[in-house]
Amino acid sequence: MLKTFMILTVVMATLSLSPTAKAGEWVKQPQPTITQTQKSNVKSDASLQSETRQRSRPKASASSADLKRFLDYVRENFASWDKNHDGCIDGREIRIASMDDRYHGDTAAALTVLKILADTSFEKNKELFLLKIADLDAIQDKGSCGVIFEFDYGNEFQRLSKKLKMQRRVLFTDNRAHLSSLRIGPGGDGCFAAAAAAGSLAEVAPSVISNMLKQEKDQYTVSFPDHGDIQLPPLTDAEVLEYADNADGYWFYLLLKGYNEYRSTIKSADNNNNNNNNNNNNNNNNNAREKSKEVSILTAKTPSRKNRQISSKAGKKSESVPSSAPPETSECYNALAVLSGTTPKSLRLSSSSAKSEDRQSTRELLQSVLENKSESHTMTIALKQEQAYVITEYDTAKDTLTIRNLSGSSANEKWADGSIGPKMSNGYFSCTFSEFTKNFQTVWYANIQSASQ
(Lines give C-alpha, C1' and ligand atoms only; values in the text may rest on other atoms or scores of the structure.)
Protein backbone atom coordinates (compact mmCIF):
# COMPACT_ATOMS: atom_id res chain seq x y z
CA MET A 1 0.00 0.00 0.00
CA LEU A 2 2.75 2.44 0.90
CA LYS A 3 4.54 1.74 -2.40
CA THR A 4 1.35 2.32 -4.42
CA PHE A 5 0.67 5.60 -2.60
CA MET A 6 4.21 6.90 -3.38
CA ILE A 7 3.79 6.10 -7.11
CA LEU A 8 0.44 7.96 -7.26
CA THR A 9 2.00 10.97 -5.53
CA VAL A 10 4.80 11.21 -8.10
CA VAL A 11 2.36 10.88 -11.01
CA MET A 12 0.00 13.54 -9.62
CA ALA A 13 2.92 15.92 -9.06
CA THR A 14 3.62 15.64 -12.77
CA LEU A 15 0.09 15.56 -14.07
CA SER A 16 -2.39 17.24 -11.72
CA LEU A 17 -6.06 16.52 -11.78
CA SER A 18 -7.91 19.53 -13.10
CA PRO A 19 -10.52 20.93 -10.73
CA THR A 20 -13.07 20.77 -13.51
CA ALA A 21 -12.01 17.43 -14.83
CA LYS A 22 -14.28 14.52 -14.67
CA ALA A 23 -13.32 11.45 -12.74
CA GLY A 24 -10.62 9.47 -14.44
CA GLU A 25 -9.70 12.37 -16.81
CA TRP A 26 -6.09 13.45 -16.70
CA VAL A 27 -4.94 16.72 -18.28
CA LYS A 28 -1.51 18.28 -18.86
CA GLN A 29 -0.32 21.20 -16.81
CA PRO A 30 -0.67 24.53 -18.66
CA GLN A 31 2.48 25.46 -20.69
CA PRO A 32 4.48 28.47 -19.44
CA THR A 33 3.79 31.78 -21.21
CA ILE A 34 6.15 32.65 -24.14
CA THR A 35 6.91 36.25 -24.92
CA GLN A 36 6.74 37.65 -28.48
CA THR A 37 10.55 37.82 -28.61
CA GLN A 38 10.82 34.20 -27.63
CA LYS A 39 8.23 33.25 -30.24
CA SER A 40 10.28 34.91 -32.95
CA ASN A 41 13.26 32.75 -32.00
CA VAL A 42 11.32 29.52 -32.14
CA LYS A 43 11.19 27.82 -35.53
CA SER A 44 8.03 25.99 -36.39
CA ASP A 45 8.13 22.40 -37.56
CA ALA A 46 7.15 23.58 -41.03
CA SER A 47 10.03 26.04 -41.23
CA LEU A 48 12.52 23.41 -39.98
CA GLN A 49 11.29 20.95 -42.59
CA SER A 50 11.60 23.64 -45.27
CA GLU A 51 15.15 24.46 -44.14
CA THR A 52 16.10 20.79 -44.21
CA ARG A 53 14.80 20.50 -47.77
CA GLN A 54 16.81 23.56 -48.80
CA ARG A 55 19.98 22.16 -47.25
CA SER A 56 19.59 18.82 -49.01
CA ARG A 57 18.82 20.45 -52.37
CA PRO A 58 21.98 20.82 -54.55
CA LYS A 59 23.04 24.42 -54.98
CA ALA A 60 24.13 25.74 -58.34
CA SER A 61 27.91 26.07 -58.39
CA ALA A 62 27.67 29.32 -60.31
CA SER A 63 24.92 31.80 -60.93
CA SER A 64 22.55 30.75 -63.67
CA ALA A 65 23.27 34.04 -65.43
CA ASP A 66 27.01 33.27 -65.77
CA LEU A 67 26.31 29.73 -66.92
CA LYS A 68 23.78 30.96 -69.47
CA ARG A 69 26.21 33.60 -70.81
CA PHE A 70 28.93 30.98 -71.22
CA LEU A 71 26.63 28.58 -73.07
CA ASP A 72 25.23 31.39 -75.27
CA TYR A 73 28.74 32.40 -76.40
CA VAL A 74 29.61 28.79 -77.23
CA ARG A 75 26.37 28.27 -79.17
CA GLU A 76 26.86 31.53 -81.06
CA ASN A 77 30.35 30.53 -82.23
CA PHE A 78 29.91 26.76 -82.45
CA ALA A 79 29.67 26.63 -86.25
CA SER A 80 32.79 28.76 -86.79
CA TRP A 81 34.81 26.79 -84.21
CA ASP A 82 33.74 23.49 -85.78
CA LYS A 83 36.28 23.70 -88.61
CA ASN A 84 35.49 20.36 -90.25
CA HIS A 85 31.70 20.82 -89.82
CA ASP A 86 31.17 17.39 -88.26
CA GLY A 87 28.88 18.67 -85.51
CA CYS A 88 31.58 18.37 -82.83
CA ILE A 89 34.25 20.67 -81.44
CA ASP A 90 37.48 18.91 -80.48
CA GLY A 91 40.68 20.02 -78.76
CA ARG A 92 42.52 20.68 -82.01
CA GLU A 93 39.78 22.98 -83.27
CA ILE A 94 39.78 24.83 -79.95
CA ARG A 95 43.54 25.43 -80.23
CA ILE A 96 43.12 26.77 -83.77
CA ALA A 97 40.34 29.13 -82.67
CA SER A 98 42.39 30.36 -79.70
CA MET A 99 45.00 31.72 -82.13
CA ASP A 100 42.38 33.65 -84.11
CA ASP A 101 42.25 37.33 -83.13
CA ARG A 102 38.62 37.60 -84.25
CA TYR A 103 37.55 36.07 -80.96
CA HIS A 104 38.00 38.52 -78.12
CA GLY A 105 36.42 39.60 -74.85
CA ASP A 106 33.86 37.20 -73.39
CA THR A 107 33.95 35.08 -76.54
CA ALA A 108 37.64 34.43 -75.83
CA ALA A 109 36.77 33.68 -72.20
CA ALA A 110 34.24 31.04 -73.28
CA LEU A 111 36.78 29.59 -75.71
CA THR A 112 39.40 29.35 -72.95
CA VAL A 113 36.93 27.52 -70.71
CA LEU A 114 36.63 24.90 -73.46
CA LYS A 115 40.43 24.73 -73.77
CA ILE A 116 40.72 24.06 -70.04
CA LEU A 117 38.02 21.38 -70.33
CA ALA A 118 39.86 19.72 -73.22
CA ASP A 119 43.15 19.69 -71.31
CA THR A 120 41.47 18.36 -68.16
CA SER A 121 39.74 15.61 -70.15
CA PHE A 122 43.06 14.48 -71.58
CA GLU A 123 44.85 14.68 -68.23
CA LYS A 124 42.28 12.64 -66.30
CA ASN A 125 41.05 10.16 -68.87
CA LYS A 126 43.59 10.35 -71.71
CA GLU A 127 40.58 10.94 -73.94
CA LEU A 128 40.06 13.41 -76.74
CA PHE A 129 37.60 16.20 -75.96
CA LEU A 130 34.43 16.29 -78.06
CA LEU A 131 31.56 18.75 -77.58
CA LYS A 132 28.15 18.73 -79.27
CA ILE A 133 25.24 21.15 -79.14
CA ALA A 134 23.30 18.45 -77.29
CA ASP A 135 25.97 18.58 -74.55
CA LEU A 136 25.36 22.30 -74.12
CA ASP A 137 21.61 21.69 -73.78
CA ALA A 138 22.24 19.00 -71.16
CA ILE A 139 24.50 21.33 -69.16
CA GLN A 140 21.87 24.06 -69.21
CA ASP A 141 19.11 21.67 -68.14
CA LYS A 142 21.16 20.35 -65.22
CA GLY A 143 22.20 23.87 -64.22
CA SER A 144 18.59 25.01 -64.11
CA CYS A 145 17.86 22.12 -61.73
CA GLY A 146 20.61 23.21 -59.36
CA VAL A 147 23.00 20.35 -60.13
CA ILE A 148 26.53 20.84 -58.83
CA PHE A 149 29.00 20.36 -61.67
CA GLU A 150 32.40 18.82 -61.18
CA PHE A 151 33.74 21.59 -63.42
CA ASP A 152 32.36 25.03 -62.57
CA TYR A 153 31.50 26.36 -66.03
CA GLY A 154 29.81 29.58 -64.94
CA ASN A 155 32.32 30.62 -62.29
CA GLU A 156 35.27 29.74 -64.52
CA PHE A 157 33.80 31.84 -67.33
CA GLN A 158 33.26 34.75 -64.94
CA ARG A 159 36.81 34.43 -63.56
CA LEU A 160 38.36 34.52 -67.03
CA SER A 161 36.17 37.41 -68.09
CA LYS A 162 37.43 39.44 -65.11
CA LYS A 163 41.03 38.34 -65.68
CA LEU A 164 40.97 39.66 -69.25
CA LYS A 165 39.94 43.09 -68.03
CA MET A 166 42.60 43.19 -65.29
CA GLN A 167 45.49 41.38 -67.00
CA ARG A 168 48.70 43.37 -67.42
CA ARG A 169 49.92 42.74 -70.95
CA VAL A 170 53.65 42.78 -70.31
CA LEU A 171 56.52 40.47 -71.17
CA PHE A 172 58.02 40.56 -67.67
CA THR A 173 56.45 41.85 -64.49
CA ASP A 174 59.79 42.73 -62.89
CA ASN A 175 62.07 42.82 -65.96
CA ARG A 176 63.17 39.21 -65.65
CA ALA A 177 62.00 35.63 -66.08
CA HIS A 178 61.44 33.18 -63.20
CA LEU A 179 61.49 29.39 -63.21
CA SER A 180 59.15 29.22 -60.20
CA SER A 181 56.28 30.83 -62.12
CA LEU A 182 56.26 28.39 -65.04
CA ARG A 183 53.29 26.08 -65.54
CA ILE A 184 52.53 23.76 -68.39
CA GLY A 185 49.29 21.87 -68.73
CA PRO A 186 48.54 18.22 -69.50
CA GLY A 187 50.79 16.94 -72.25
CA GLY A 188 52.55 20.28 -72.25
CA ASP A 189 51.21 20.92 -75.74
CA GLY A 190 54.09 18.71 -76.90
CA CYS A 191 56.65 21.18 -75.50
CA PHE A 192 58.02 19.53 -72.36
CA ALA A 193 61.60 19.61 -73.64
CA ALA A 194 61.46 23.23 -74.83
CA ALA A 195 59.65 24.28 -71.64
CA ALA A 196 62.29 22.62 -69.46
CA ALA A 197 65.08 24.25 -71.48
CA ALA A 198 63.40 27.66 -71.10
CA GLY A 199 62.93 27.07 -67.38
CA SER A 200 66.56 26.11 -66.91
CA LEU A 201 67.64 29.20 -68.83
CA ALA A 202 65.43 31.37 -66.59
CA GLU A 203 67.08 29.77 -63.57
CA VAL A 204 70.73 30.30 -64.50
CA ALA A 205 70.67 33.33 -66.86
CA PRO A 206 67.35 35.24 -66.90
CA SER A 207 69.01 38.23 -68.59
CA VAL A 208 69.57 36.10 -71.70
CA ILE A 209 65.81 35.62 -72.03
CA SER A 210 65.26 39.37 -71.58
CA ASN A 211 67.60 39.95 -74.52
CA MET A 212 65.90 37.29 -76.66
CA LEU A 213 62.46 38.90 -76.52
CA LYS A 214 61.67 42.31 -77.94
CA GLN A 215 58.33 44.10 -78.12
CA GLU A 216 57.40 46.95 -80.44
CA LYS A 217 53.80 47.99 -79.89
CA ASP A 218 51.86 44.74 -80.34
CA GLN A 219 54.53 42.96 -82.39
CA TYR A 220 57.09 40.62 -80.85
CA THR A 221 60.48 39.37 -81.99
CA VAL A 222 62.24 36.29 -80.62
CA SER A 223 65.99 36.20 -81.34
CA PHE A 224 67.71 32.86 -80.77
CA PRO A 225 71.53 32.74 -80.67
CA ASP A 226 72.87 32.07 -84.19
CA HIS A 227 69.41 31.19 -85.49
CA GLY A 228 67.93 34.47 -86.66
CA ASP A 229 64.81 36.38 -85.64
CA ILE A 230 61.29 35.02 -85.41
CA GLN A 231 58.49 37.57 -85.87
CA LEU A 232 55.33 36.85 -83.87
CA PRO A 233 51.89 38.46 -84.23
CA PRO A 234 50.06 40.09 -81.30
CA LEU A 235 48.67 37.74 -78.69
CA THR A 236 44.98 36.95 -79.03
CA ASP A 237 42.71 37.41 -76.03
CA ALA A 238 42.44 33.62 -75.66
CA GLU A 239 46.24 33.30 -75.60
CA VAL A 240 46.48 36.07 -73.00
CA LEU A 241 43.91 34.30 -70.82
CA GLU A 242 45.62 30.94 -71.04
CA TYR A 243 49.27 31.90 -70.85
CA ALA A 244 49.67 35.38 -69.36
CA ASP A 245 50.53 35.39 -65.68
CA ASN A 246 50.17 38.52 -63.59
CA ALA A 247 53.04 37.21 -61.46
CA ASP A 248 55.51 36.87 -64.35
CA GLY A 249 54.15 38.22 -67.65
CA TYR A 250 53.88 36.12 -70.80
CA TRP A 251 57.53 35.75 -71.83
CA PHE A 252 57.32 31.97 -71.42
CA TYR A 253 54.53 31.52 -73.93
CA LEU A 254 56.17 33.82 -76.49
CA LEU A 255 59.49 32.00 -76.13
CA LEU A 256 57.83 28.62 -76.71
CA LYS A 257 55.76 30.01 -79.57
CA GLY A 258 58.90 31.38 -81.21
CA TYR A 259 60.70 28.08 -80.70
CA ASN A 260 57.83 26.08 -82.23
CA GLU A 261 57.70 28.49 -85.16
CA TYR A 262 61.44 28.04 -85.70
CA ARG A 263 61.23 24.26 -85.46
CA SER A 264 58.34 24.14 -87.94
CA THR A 265 60.40 26.08 -90.51
CA ILE A 266 63.30 23.66 -90.02
CA LYS A 267 61.03 20.64 -90.45
CA SER A 268 59.50 22.21 -93.54
CA ALA A 269 62.98 22.74 -94.99
CA ASP A 270 63.89 19.13 -94.15
CA ASN A 271 60.77 17.88 -95.94
CA ASN A 272 61.63 19.94 -99.02
CA ASN A 273 65.15 18.52 -99.00
CA ASN A 274 63.76 15.01 -98.71
CA ASN A 275 61.41 15.62 -101.64
CA ASN A 276 64.27 16.97 -103.74
CA ASN A 277 66.41 13.97 -102.84
CA ASN A 278 63.57 11.64 -103.74
CA ASN A 279 63.08 13.32 -107.11
CA ASN A 280 66.79 13.23 -107.90
CA ASN A 281 67.03 9.59 -106.89
CA ASN A 282 64.00 8.69 -108.98
CA ASN A 283 65.57 10.34 -112.04
CA ASN A 284 68.85 8.52 -111.44
CA ASN A 285 67.01 5.24 -111.01
CA ASN A 286 65.11 5.72 -114.27
CA ASN A 287 68.38 6.37 -116.12
CA ALA A 288 69.94 3.32 -114.53
CA ARG A 289 67.04 1.09 -115.57
CA GLU A 290 67.32 2.34 -119.12
CA LYS A 291 71.00 1.36 -119.19
CA SER A 292 70.58 -2.01 -117.58
CA LYS A 293 67.44 -4.10 -117.10
CA GLU A 294 69.32 -6.09 -114.48
CA VAL A 295 69.31 -3.26 -111.98
CA SER A 296 66.97 -4.25 -109.18
CA ILE A 297 64.41 -1.74 -108.06
CA LEU A 298 65.60 -2.46 -104.54
CA THR A 299 68.88 -0.72 -105.28
CA ALA A 300 67.05 2.50 -106.07
CA LYS A 301 66.81 3.60 -102.45
CA THR A 302 66.62 7.12 -101.24
CA PRO A 303 69.86 7.80 -99.33
CA SER A 304 69.04 7.56 -95.65
CA ARG A 305 69.52 10.74 -93.65
CA LYS A 306 71.68 9.58 -90.78
CA ASN A 307 71.31 12.78 -88.81
CA ARG A 308 68.79 15.48 -88.07
CA GLN A 309 70.37 18.90 -88.29
CA ILE A 310 69.58 22.40 -87.07
CA SER A 311 70.64 25.14 -89.49
CA SER A 312 71.66 28.61 -88.39
CA LYS A 313 70.90 31.81 -90.27
CA ALA A 314 74.53 31.89 -91.40
CA GLY A 315 74.08 28.50 -93.02
CA LYS A 316 76.13 26.69 -90.40
CA LYS A 317 75.12 23.32 -89.04
CA SER A 318 75.32 22.44 -85.40
CA GLU A 319 76.12 18.99 -84.11
CA SER A 320 73.23 16.72 -85.00
CA VAL A 321 71.31 13.99 -83.26
CA PRO A 322 71.18 10.47 -84.73
CA SER A 323 67.81 9.82 -86.33
CA SER A 324 67.54 6.60 -84.32
CA ALA A 325 67.37 8.61 -81.09
CA PRO A 326 63.96 8.72 -79.36
CA PRO A 327 61.94 11.82 -80.41
CA GLU A 328 61.84 13.22 -76.89
CA THR A 329 65.62 12.85 -76.59
CA SER A 330 66.09 14.68 -79.89
CA GLU A 331 63.80 17.45 -78.70
CA CYS A 332 65.86 17.89 -75.54
CA TYR A 333 68.94 18.29 -77.70
CA ASN A 334 67.23 20.64 -80.17
CA ALA A 335 65.70 22.85 -77.49
CA LEU A 336 68.99 23.28 -75.65
CA ALA A 337 70.87 23.90 -78.91
CA VAL A 338 68.49 26.63 -80.06
CA LEU A 339 68.20 28.42 -76.70
CA SER A 340 71.86 28.15 -75.69
CA GLY A 341 73.54 28.66 -79.06
CA THR A 342 76.02 25.90 -78.20
CA THR A 343 76.30 22.14 -78.64
CA PRO A 344 74.45 20.24 -75.88
CA LYS A 345 75.89 17.16 -74.24
CA SER A 346 74.17 14.25 -72.56
CA LEU A 347 74.92 11.99 -69.63
CA ARG A 348 73.31 8.57 -69.64
CA LEU A 349 72.54 7.69 -66.04
CA SER A 350 73.74 4.43 -64.57
CA SER A 351 70.97 2.48 -62.90
CA SER A 352 71.12 1.39 -59.27
CA SER A 353 71.83 -2.14 -60.49
CA ALA A 354 74.98 -1.01 -62.33
CA LYS A 355 78.46 -1.67 -61.01
CA SER A 356 79.54 0.53 -58.13
CA GLU A 357 82.41 2.02 -60.15
CA ASP A 358 79.98 2.99 -62.96
CA ARG A 359 77.59 4.62 -60.50
CA GLN A 360 80.48 6.49 -58.87
CA SER A 361 81.69 7.68 -62.27
CA THR A 362 78.19 8.92 -63.10
CA ARG A 363 77.92 10.69 -59.74
CA GLU A 364 81.24 12.45 -60.21
CA LEU A 365 80.43 13.59 -63.74
CA LEU A 366 76.99 14.78 -62.73
CA GLN A 367 78.47 16.58 -59.74
CA SER A 368 80.97 18.37 -61.95
CA VAL A 369 78.13 19.51 -64.23
CA LEU A 370 75.79 20.69 -61.49
CA GLU A 371 78.09 21.94 -58.76
CA ASN A 372 78.80 25.31 -60.38
CA LYS A 373 76.10 25.42 -63.03
CA SER A 374 74.94 28.92 -62.03
CA GLU A 375 78.46 30.34 -62.20
CA SER A 376 79.20 28.56 -65.47
CA HIS A 377 75.72 29.32 -66.90
CA THR A 378 74.94 25.68 -67.61
CA MET A 379 71.40 24.68 -68.55
CA THR A 380 70.51 21.24 -67.16
CA ILE A 381 67.40 19.18 -67.78
CA ALA A 382 66.62 15.56 -66.88
CA LEU A 383 64.48 13.17 -68.87
CA LYS A 384 62.03 10.78 -67.20
CA GLN A 385 60.07 8.74 -69.71
CA GLU A 386 58.50 11.39 -71.99
CA GLN A 387 58.74 14.31 -69.58
CA ALA A 388 61.61 16.74 -69.12
CA TYR A 389 62.42 18.30 -65.72
CA VAL A 390 64.67 21.16 -64.62
CA ILE A 391 67.51 20.29 -62.23
CA THR A 392 68.05 23.26 -59.94
CA GLU A 393 70.53 22.00 -57.35
CA TYR A 394 72.78 19.11 -56.37
CA ASP A 395 73.69 18.95 -52.68
CA THR A 396 76.94 17.01 -52.57
CA ALA A 397 76.95 16.78 -48.76
CA LYS A 398 73.50 15.18 -48.63
CA ASP A 399 73.82 13.52 -52.04
CA THR A 400 70.38 14.86 -53.02
CA LEU A 401 69.03 16.75 -56.01
CA THR A 402 66.37 19.45 -56.16
CA ILE A 403 64.24 19.19 -59.29
CA ARG A 404 61.25 21.07 -60.66
CA ASN A 405 58.28 19.45 -62.35
CA LEU A 406 56.87 22.16 -64.64
CA SER A 407 53.29 21.19 -63.82
CA GLY A 408 53.74 23.33 -60.70
CA SER A 409 51.88 20.70 -58.71
CA SER A 410 51.84 20.29 -54.94
CA ALA A 411 50.97 16.60 -55.12
CA ASN A 412 53.44 13.72 -54.96
CA GLU A 413 55.80 13.04 -57.81
CA LYS A 414 55.19 9.68 -59.51
CA TRP A 415 58.17 7.48 -60.16
CA ALA A 416 58.76 5.53 -63.35
CA ASP A 417 57.45 2.26 -61.84
CA GLY A 418 54.18 3.92 -60.75
CA SER A 419 55.13 4.22 -57.10
CA ILE A 420 54.58 7.42 -55.11
CA GLY A 421 57.56 9.73 -54.97
CA PRO A 422 58.37 12.74 -52.79
CA LYS A 423 55.92 15.52 -52.02
CA MET A 424 56.14 18.52 -54.36
CA SER A 425 55.77 22.21 -53.53
CA ASN A 426 54.98 24.30 -56.60
CA GLY A 427 56.54 21.50 -58.62
CA TYR A 428 59.80 21.43 -56.62
CA PHE A 429 60.90 18.21 -54.93
CA SER A 430 64.08 16.62 -53.62
CA CYS A 431 65.30 13.08 -54.09
CA THR A 432 68.41 11.06 -53.36
CA PHE A 433 70.98 10.40 -56.06
CA SER A 434 69.98 6.74 -56.01
CA GLU A 435 66.30 7.62 -56.60
CA PHE A 436 67.33 9.99 -59.36
CA THR A 437 69.38 7.45 -61.30
CA LYS A 438 66.70 4.82 -60.83
CA ASN A 439 63.87 6.96 -62.26
CA PHE A 440 65.54 9.30 -64.76
CA GLN A 441 67.28 8.10 -67.89
CA THR A 442 69.35 11.02 -69.20
CA VAL A 443 70.70 14.41 -68.20
CA TRP A 444 71.10 16.98 -70.98
CA TYR A 445 73.20 20.08 -70.41
CA ALA A 446 74.61 23.01 -72.38
CA ASN A 447 76.62 26.15 -71.65
CA ILE A 448 75.02 29.41 -72.72
CA GLN A 449 76.81 31.17 -75.54
CA SER A 450 75.73 34.78 -74.95
CA ALA A 451 76.19 34.52 -71.17
CA SER A 452 79.77 33.34 -71.51
CA GLN A 453 80.79 36.07 -73.93
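Residues numbered from 1 in each chain as written. Predicted model: local features only at pLDDT ≥ 70, side-chain atom pairs only at ≥ 80, totals over all residues. Heavy atoms only, no water.

A. Region of the structure containing the overall build of the protein chain. Along its length, the protein chain carries 17 helices and 15 strands. For the protein chain, with 453 residues in total, the buried portion stands at 40%. Taking all contacts inside the protein chain whose residues are at least 6 apart in sequence as the whole, residues at least 24 apart take part in 67%. Just so you have it, the protein chain exposes about 25,900 Å², and 51% of that area is on carbon and sulfur atoms. (Helix = DSSP H or I, 4+ residues; strand = E, 2+ residues; numbered from the N terminus. Buried < 20%, exposed > 50% of the residue type's maximum accessible area, 1.4 Å probe, protein only. Contact = heavy atoms within 4.5 Å. Areas by Shrake-Rupley, 256 points an atom, 1.4 Å probe, with all protein chains shown as cover.)

B. Expanded view of the environment of Leu-365. Structurally, Leu-365 can be placed in helix H14 (residues 356-370). A relative accessible area of 37% places Leu-365 in the partly exposed class. Sequence separation between Leu-365 and Leu-347 is 18 residues, and the spatial gap between their C-alpha atoms is 8.2 Å.

C. Highlighting helix H9 (residues 192-204). Taking 1.5 Å of rise per residue, 13 residues should cover 18 Å, and H9 covers 18 Å from first to last C-alpha, within 8% of that figure. Buried within H9 we find Phe-192, Ala-193, Ala-194, Ala-195, Ala-196, Ala-197, Ala-198, Gly-199, Ser-200, Leu-201, Ala-202 and Val-204. (Expected span 1.5 Å × (residues − 1).)

D. Examining the packing of aromatic side chains more closely. A complete count under the given rule lists 16 aromatic pairs for this structure. Look at Tyr-220 and Tyr-250: their rings are 6.0 Å apart centre to centre, the planes differ by 85°, and that puts the pair in the edge-to-face class. Separated by 30 residues along the polypeptide, Tyr-220 in strand S4 (residues 219-223) and Tyr-250 in the loop between helix H11 (237-243) and helix H12 (251-291) bring together distant segments of the chain. No difference in accessibility class separates Tyr-220 from Tyr-250, as the two residues are buried. Arranged with centres 6.2 Å apart and planes meeting at 35°, the rings of Tyr-394 and Phe-433 form a pair that is tilted. Of this pair, Tyr-394 sits in strand S10 (residues 387-395) while Phe-433 sits in helix H16 (residues 433-439), and the two are 39 residues apart along the sequence. The two residues Tyr-394 and Phe-433 agree in class, both being buried. Ring pairs connect the aromatic residues Phe-70, Tyr-73, Phe-149, Phe-151, Tyr-153 and Phe-157, which therefore count as one cluster. (Phe/Tyr/Trp six-rings, centres within 6.5 Å; stacked < 30°, edge-to-face > 60°.)

E. Quick peek at helix H5 (residues 91-98). Residues Gly-91, Glu-93, Ile-94, Ala-97 and Ser-98 constitute the buried set of H5. Looking down the long axis of H5, one finds its buried residues gathered within 160° of arc, a one-sided arrangement. (Arc of directions from axis to C-beta.)

F. Inspection of the sheet that holds strand S8 (residues 345-348) at higher detail. Here we have six strands laid out as an open sheet, ordered S8-S15-S9-S10-S11-S14, and antiparallel in their pairing. The open sheet is flanked by S8 and strand S14 (428-432), the only strands paired with a single partner. Taken over all neighbouring pairs, the strand axes of this sheet differ in orientation by 35° on average, direction set aside. Direction of pairing for S10 relative to strand S11 (residues 400-404): antiparallel, over a ladder of five bridges. Paired with Glu-393 across the bridge in S11 is Thr-402. (Pairing = 2+ DSSP bridges. Axes fitted to C-alpha atoms, helices over the stretch in contact; angles between N-to-C directions.)

G. View of the packing of helix H4 (residues 64-81) against helix H7 (residues 133-144). Two elements in contact, H4 and H7, have axes separated by 11 Å at closest approach and are oriented at 170°. What the angle tells us is that H4 and H7 run roughly antiparallel. Crossing geometry of H4 relative to H7 is assigned as left-handed. In this structure, H4 contributes Leu-67, Lys-68, Leu-71, Val-74, Arg-75 and Phe-78 to the contact, and H7 contributes Ile-133, Leu-136, Asp-137, Ile-139, Gln-140 and Gly-143. (Parallel < 35°, antiparallel > 145°, perpendicular 65-115°, else oblique. Left-handed = near helix turned anticlockwise from the far one by under 90°.)

H. Layout of the sheet that holds strand S3 (residues 213-216). One open sheet accounts for three strands, arranged S3-S4-S5; its pairing is antiparallel. Edge positions in the open sheet fall to S3 and strand S5 (229-232), since each of these has one partner strand only. On average, adjacent strands in this sheet sit at an angle of 20° to one another, irrespective of strand direction. Relative to S4, S3 is paired through four bridges, and the arrangement is antiparallel. Across the sheet, Gln-215 pairs through a bridge with Tyr-220, a residue of S4.

I. Region of the structure containing the nonpolar core. Formed by 86 residues in total, the largest nonpolar core has its most connected members in Phe-70, Phe-224, Trp-251, Leu-255 and Leu-339. Contacts of Phe-70, omitting those with residues within four sequence positions, involve Ala-110, Val-113, Leu-114, Tyr-153 and Phe-157. If you look at the next biggest cluster of nonpolar residues, it comprises 20 residues, including Leu-366, Trp-415, Phe-433 and Phe-436. (Core = buried A, V, L, I, M, F, W, Y, C linked by side-chain atoms within 4.5 Å.)

J. Quick look at the packing of H4 against helix H8 (residues 153-166). The N-to-C vectors of H4 and H8 enclose an angle of 80°; their axes lie 8 Å apart at closest approach. In terms of orientation, H4 and H8 fall into the roughly perpendicular class. In this structure, H4 contributes Asp-66, Leu-67, Arg-69, Phe-70 and Tyr-73 to the contact, and H8 contributes Tyr-153, Gly-154, Phe-157, Gln-158 and Ser-161.

K. Spotlight on unusual backbone geometry. A positive phi angle, close to 60°, is found at Asp-399, a residue other than glycine. Inspection of the secondary structure assignment puts Asp-399 in the loop between S10 and S11. Phi at Asn-426 takes a positive value of approximately 55°, unusual for a residue other than glycine. With respect to the helices, strands and loops of the structure, Asn-426 is situated in the loop between strand S13 (420-423) and S14.

L. Inspection of the side chain of Thr-378 at higher detail. Tracing the sequence through the fold places Thr-378 in strand S9 (residues 378-384). Reaching out from Thr-378, the side chain makes a polar contact with the side chain of Asn-447 at a distance of 2.8 Å. If near-sequence neighbours (up to four positions away) are discounted, Thr-378 is found in contact with Ser-200, Val-204, Val-369, Lys-373, Tyr-445, Ala-446 and Asn-447. (Polar contact = N/O pair within 3.5 Å; in protein donor to acceptor, adjacent residues only side chain to side chain.)

Note that every value here comes from positions in space, so none of it alone points to a role or purpose.
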